[in-house]
Amino acid sequence: MGKIKACLFDLDGVIVDTAKYHYIAWRALANELGFEFTEADNEQLKGVSRMRSLDILLGIGGITLSDAEKERLAEKKNENYRRYILQMQPDEILPGAKELLLELKEKGIRIALGSASKNAMTILDRLELTDLFEAIIDGTKVSEAKPNPEVFLKGAAELGVSPEACVVFEDAEAGVEAALAGKMRCVGIGSPDILGKANLVIDGLHQMSYTRLMTLGSDE
Ligand code: B16
Ligand code: MG
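Overview of the structure. Quantities reported herein were computed from a predicted structural model and do not represent experimental measurements.

1. Things to note about the site of ligand 1
Piece 1. Around ligand 1 sit 18 residues, and of these V48, S115, S117, K118 and N119 come closest.
Piece 2. A distance of 2.9 Å separates an oxygen atom of ligand 1 from a polar atom in the backbone of L45.
Piece 3. A distance of 2.7 Å is found between an oxygen atom of ligand 1 and a backbone nitrogen or oxygen belonging to A116.
Piece 4. Using a 2 Å cut-off from the grid points, one finds that ligand 1 occupies the largest pocket.
Piece 5. Here the residues of the shell around ligand 1 sort into 5 nonpolar, 7 polar and 6 charged.

2. Comments concerning the packing of helix α1 (residues 19-33) against helix α4 (residues 67-85)
Piece 1. Direction vectors running N to C along α1 and α4 enclose 140°, while the axes themselves pass 9 Å from each other. On the basis of their axis angle, the class for α1 and α4 is oblique. Handedness of the α1/α4 crossing: right-handed. Here Y21, H22, I24, A25, W26, A28, L29, E32 and L33 of α1 come into contact with α4, specifically with L73, K76, K77, N80, Y81, Y84 and I85.
Piece 2. Here the residues of the contact of α1 with α4 sort into 11 nonpolar, 2 polar and 3 charged.

3. Here's the deal with the nonpolar core
Piece 1. One finds F9, F133, F169 and L213 to be the most contacted residues of the largest nonpolar core, which totals 38 residues.
Piece 2. Grouped together as the second largest cluster of nonpolar side chains are 20 residues, V151, L159, V161 and M184 included.

4. Re the sheet that holds strand β2 (residues 110-114)
Piece 1. Across the sheet, 6 strands lie side by side as β3-β2-β1-β4-β5-β6; this open sheet has parallel pairing. Two strands bound the open sheet, and with one partner strand each, they are β3 (135-137) and β6 (200-202). The sheet shows a mean angle of 20° between the axes of neighbouring strands, direction not considered.
Piece 2. Pairing of strand β5 (residues 185-189) with β6 involves 3 bridges; the strand directions are parallel. In the sheet register, V187 faces β6, and the bridge partner there is L200.
Piece 3. Across the sheet, helix α7 (residues 150-159) is in contact with β1 (6-9), β2, β3 and β4 (166-170); its angle to β3 comes to roughly 160°.

Cut-offs used in this document
Residues numbered from 1 in each chain as written. Chains lettered and ligands numbered in written order. Predicted model: local features only at pLDDT ≥ 70, side-chain atom pairs only at ≥ 80, totals over all residues. Heavy atoms only, no water. Near = heavy atom within 4 Å. Polar contact = N/O pair within 3.5 Å; in protein donor to acceptor, adjacent residues only side chain to side chain. 1 Å grid on protein atoms, 1.4 Å probe; cavity = no way out; pocket = protein on both sides within 12 Å on 5 of 7 lines; lining within 4 Å. Sits in = over half its atoms within 2 Å of the grid points. Nonpolar A, V, L, I, M, F, W, Y, C, P; charged D, E, K, R; others polar. Axes fitted to C-alpha atoms, helices over the stretch in contact; angles between N-to-C directions. Helix = DSSP H or I, 4+ residues; strand = E, 2+ residues; numbered from the N terminus. Parallel < 35°, antiparallel > 145°, perpendicular 65-115°, else oblique. Left-handed = near helix turned anticlockwise from the far one by under 90°. Contact = heavy atoms within 4.5 Å. Core = buried A, V, L, I, M, F, W, Y, C linked by side-chain atoms within 4.5 Å. Buried < 20%, exposed > 50% of the residue type's maximum accessible area, 1.4 Å probe, protein only. Pairing = 2+ DSSP bridges.

Written as structure tokens, this is what we have:
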């Protein structure tokens, strides 16, 4: 295990909870198509790309559509979702996230974003966090979805840090798998039942610090 030089952060579920807005927008679409979409159903969409999310939703409703129609519905959902994220405020940043980013930056740890979202820039701007990230890799910059490690490997490359010196923070199982596939260490944010493959699982970034980060790769 090499020295830790960089941290790569997922966005939704790690820095901010946008899942609630995704849920409202996906549920509206499902209702329009004539079926229910529950909060439990929404769990399946976390960390998953927009088009894959739509496929899962249509599967729940037992609906088959043409690619053109799917594009139209994904766009419609996104327009609805953006109405919510354009109203977001910095106080929606999850506990401890900004404090950790500032502490790591001060200690010389390099910081990148690795998110599946094509709306990541809008969200970071609304939260006034954009300047804290040296590299931002989002859904507009990758061709392979998590668990493929592309998003994190691109982040490490843009920082000029080797994957072995990176730690990824992720709330989705596919994201943890992506980090490990990229030969990075990973801290899971959420339940050990789901994120058990991660090197460490915590409830949120309020439980992380520079000192604790440095213990990763040792015996913790
Ligand atoms: P968009 P992350 C993911 O973000 C979300 O968890 C997932 O629910 C969403 O479908 C995906 O972004 C795509 O988002 O529609 O904004 O492009 O967790 O990878 O930061
Ligand atoms: Mg996430």
